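Per-entry structural report
Listed below, chain by chain, are the residues.
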Amino acid sequence: MSRPIYLDCHATTPMDPRVLEAMLPYFTERFGNPSSITHAYGWEAEAAVKTARQTIADAINATPEEIVFTSGATEANNLAIKGVAEAYFSQGKHIITVQTEHRAVLDPCKYLQTLGFEITYLPVSHEGLIDLAQLEQAIRPDTILVSVMAANNEIGVLQPLTEIGAICRKHKVLFHTDAAQAIAKIPLDVKTMNIDLMSLTAHKVYGPKGIGALYVRRRNPRVRLAAQIHGGGQEKGFRSGTLYTPQIVGFAKAVELGLGEMESESVRQLKLREQLWNILSKIEDIRLNGHRTKRLPGNLNVSVERVDGSALLLGLQPIVALSSGSACSTTSTAPSHVLTALGHSRELAYGSLRLGIGRFNTAAEIEKVGKEAIATICALRQANSQNNQITCS
Ligand SMILES: *Cc1c(COP(=O)(O)O)cnc(C)c1O
């Protein structure tokens, strides 16, 4: 039995073998602690971290001093949001974010509400985009932070970072973006986009799990941040703990490979997505979730009417690995908060498929998934009712 086709690249991606190869020496012979300054073992680990830090900084047009390594984007989001809240609360206790953010942004915000902070959760259009005028209106004299994600992990929608950055700069409010899904997939530039804080992770770009970073602007303005993990004072005191050299090396290799192949991969994945949508759109009463074009090239998210979502996922399980929403919310029975923010009913939100196409997917796989999805949906609908007219071609 072959394993199902993997189309869940928004949950995580397979690690690229070239990344593993770069990491391997740092598990064994080059095992030193990068903070050990008295011997060669420390120096070689420190040199590897330094190179990696430069690569990651270059990828977003930052400087190496502005990169703080964390365990991933969840920690980076927590550090950005709680760290800013704690450092700036004397200036204000208002934060603006969006209803469709990842829970690693929403939950720190909810937590801050229990401490007396006020949070504005901006709505989105039916296509998943925020309204820039609404954002600007929401900014108050006591607003200290705006947090808007770069690319959505369910519907792939790309928010207008440059425009958001300009608004935040105009009102002198810090701008944080969760770019976990965006790094090395779309161009990111913290200078031209006026981004003050940016969360990154390696495992969505064919790197290892358990490593990420927070970019923290050091000039114009210098962002102040309260550490959330205290200890040995690593990462300029922003984040204590011995640096995980192999993961950091792998993170940088993944980013380097991703950037090198970004243009060609965007074109290729976009073609695969169009191929898949061309097949799926023949199904009656199926709709695309999220903006038609302002989305990650490898993302497709569809809602299928008159089909039980869990039955659909179950039917497809032997063929294709995918999900109906965020991997982090699959344990809960609530419908996707992203799809309900688009205005979907609970039923429609349940009957949805998130298809994340990645580096290792082929046209033959897409063809097979498309055919199987049509067959499964037809079978489920026929079981439900004999009267429905279904286009099964
Ligand atoms: C995956 C993801 C996260 C969490 O990242 P981890 O590195 O797994 O902690 C946060 N935000 C978004 C948008 C994501 O897709």
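Relevant structure appears above.
Basis of the calculations
Residues numbered from 1 in each chain as written. Predicted model: local features only at pLDDT ≥ 70, side-chain atom pairs only at ≥ 80, totals over all residues. Heavy atoms only, no water. 1 Å grid on protein atoms, 1.4 Å probe; cavity = no way out; pocket = protein on both sides within 12 Å on 5 of 7 lines; lining within 4 Å. Points joined across faces, edges and corners; volume = space filled by probe spheres on them. Helix = DSSP H or I, 4+ residues; strand = E, 2+ residues; numbered from the N terminus. Phe/Tyr/Trp six-rings, centres within 6.5 Å; stacked < 30°, edge-to-face > 60°. Buried < 20%, exposed > 50% of the residue type's maximum accessible area, 1.4 Å probe, protein only. Polar contact = N/O pair within 3.5 Å; in protein donor to acceptor, adjacent residues only side chain to side chain. Contact = heavy atoms within 4.5 Å. Salt bridge = Lys/Arg side-chain N within 4 Å of Asp/Glu carboxyl O. Near = heavy atom within 4 Å. Areas by Shrake-Rupley, 256 points an atom, 1.4 Å probe, with all protein chains shown as cover. Core = buried A, V, L, I, M, F, W, Y, C linked by side-chain atoms within 4.5 Å. Domains from an automatic or database assignment.

Quick look at empty space enclosed by the protein now. In total, this model carries 2 cavities of 30 Å³ or more according to the counting rule given. Counted as a void, the largest cavity has a volume near 230 Å³. In this structure, the largest cavity is lined by 21 residues; those nearest its centre are Ala-184, Lys-185, Tyr-206, Glu-265 and Gln-269. The set of elements that each furnish at least two residues to the lining of the largest cavity consists of α7 (245-260) and α8 (262-280). Per-element accounting of the lining of the largest cavity gives the leading share, 4 residues, to α8.

Summed over all chains, the structure comprises 3 aromatic pairs. Here Phe-69 and Phe-251 contribute two aromatic rings whose centre-to-centre distance is 6.4 Å and whose plane-to-plane angle is 70°, an arrangement assigned as edge-to-face. With a gap of 182 residues between them, Phe-69 in strand β2 (residues 67-70) and Phe-251 in helix α7 connect regions that are remote in the sequence. A relative accessible area of 2% places Phe-69 in the buried class.

What follows covers the side chain of Arg-239. For Arg-239, the location among the structural elements is in the loop between β8 (212-216) and α7. A distance of 2.6 Å separates the side chain of Arg-239 from the side chain of Glu-75, its partner in a polar contact. Among all residues touching Arg-239, those that are not within four sequence positions of it are Val-68, Phe-69, Thr-70, Ser-71, Glu-75, Ile-229 and Gln-234.

Before going further, it helps to examine the pattern of salt bridges. When charged atoms on two side chains of opposite charge get close, those side chains can pair. On inspection of all chains with the given rule, the structure shows 22 salt bridges. In this structure, the salt-bridge partner of Asp-196 is Arg-169, at a minimum N-O distance of 3.1 Å. One end of the pair, Asp-196, is in the loop between β6 (174-178) and β7 (197-201); the other, Arg-169, is in helix α6 (residues 161-170), and 27 residues separate them in sequence. A salt bridge links Glu-367 to Lys-371; its shortest N-O distance comes to 3.8 Å. A residue pair is termed a helical-turn pair when its members lie 3 or 4 positions apart in one helix, as Glu-367 and Lys-371 do in helix α12 (residues 363-384) at 4 residues. Judged by relative accessible area, which is 34%, Glu-367 ranks as partly exposed. Taking relative accessible area as the criterion, Lys-371 reaches 54% and is therefore assigned exposed. Here the salt bridges share partners, and the residues they tie into one network are Asp-16, Arg-18, Glu-261 and Arg-359.

Near the ligand you find Gly-72, Ala-73, Thr-74, His-102, Met-149, Asn-153, Asp-178, Ala-180, Gln-181, Thr-201, His-203 and Lys-204, and these make up its full shell. The separation between an oxygen atom of the ligand and a polar main-chain atom of Ala-73 is 2.9 Å. Thr-201 has a polar side-chain atom sitting 2.6 Å from an oxygen atom of the ligand. Its free accessible area being 380 Å², the ligand has 88% of it covered by the protein chains.

Moving on, we come to the nonpolar core. Ranked by internal contacts, the top residues of the largest apolar core, which has 63 residues, are Ile-60, Phe-69, Val-146, Ile-183, Leu-188, Met-198 and Phe-251. Summarising the domain contributions, this core has at least three residues from each of domain 1 (5-12 + 262-384) and domain 2 (17-256). Residue contacts for Phe-69: discarding those within four places in its chain leaves Val-49, Arg-53, Ile-56, Ile-211, Gly-212, Ala-213, Glu-235, Arg-239, Leu-243, Ile-248 and Phe-251.

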